[in-house]
Amino acid sequence: MTARGKGSALAWLLRKAVELACTALGVYLLAALAALNVPALVGGVLALNALLGLRFALDNKKSRPGCANIQNGKVKRNSCPVSPAF
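All figures in this text were calculated on a predicted structure; none of them were measured in a lab. (Residues numbered from 1 in each chain as written. Predicted model: local features only at pLDDT ≥ 70, side-chain atom pairs only at ≥ 80, totals over all residues. Heavy atoms only, no water.)

A.B. asks: Which residues make up the overall build of the chain, and what values do they have?
C.D. replies: Broken down by element type, the chain carries 2 helices and 2 strands. In the chain, the succession of helices and strands from N to C terminus is α-α-β-β. Of the contacts made within the chain by residues no fewer than 6 positions apart, 31% connect residues no fewer than 24 positions apart. If you sum the accessible surface of the chain, you get close to 7,100 Å²; carbon and sulfur atoms cover 66% of it. (Helix = DSSP H or I, 4+ residues; strand = E, 2+ residues; numbered from the N terminus. Contact = heavy atoms within 4.5 Å. Areas by Shrake-Rupley, 256 points an atom, 1.4 Å probe, with all protein chains shown as cover.)

Okay, structure coming up:
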């Protein structure tokens, strides 16, 4: 870890904690699947969905691909309209 400030160190630690929780929940889901415990499977999948949403929300925004629009020789980031995912 580099000296990027206290806030980024806390964000890094939070991302790692969420990743560890996702891994533990994956093991829990495998155990629930082996026992054919349907309510535990449904609850685990919902919890995993929430944790993965949190993980990707905490992800670095710089690593996400953005739209590039070139006008007058200058690149404008995030200037394209959002299209539906379907």
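A.B. asks: Hey, could you go over the pattern of salt bridges for me, with residue numbers and the actual values?
C.D. replies: Evaluation of the coordinates by the stated rule reveals 2 salt bridges. Put simply, Arg55 and Glu19 hold a salt bridge, and the shortest N to O gap is 3.5 Å. With Arg55 in helix 2 (residues 38-58) and Glu19 in helix 1 (residues 6-34), this pair connects stretches of sequence that are 36 residues apart. Accessibility expressed as a relative area gives 29% for Arg55, which makes it partly exposed. (Salt bridge = Lys/Arg side-chain N within 4 Å of Asp/Glu carboxyl O. Buried < 20%, exposed > 50% of the residue type's maximum accessible area, 1.4 Å probe, protein only.)

A.B. asks: Got a sec to walk through a nonpolar patch on the surface? Specific residues and values, please.
C.D. replies: A grouping of Leu10, Trp12 and Leu13 is seen on the molecular surface, where their side chains present a nonpolar patch of about 310 Å² in accessible area. Inspection of the secondary structure puts Trp12 in helix 1. Under the relative-accessibility criterion, Trp12 is labelled partly exposed at 33%. (Patch = residues over 30% accessible without salt bridge, like charges linked within 9 Å, V, L, I, M, F, W, Y side chains within 5 Å.)

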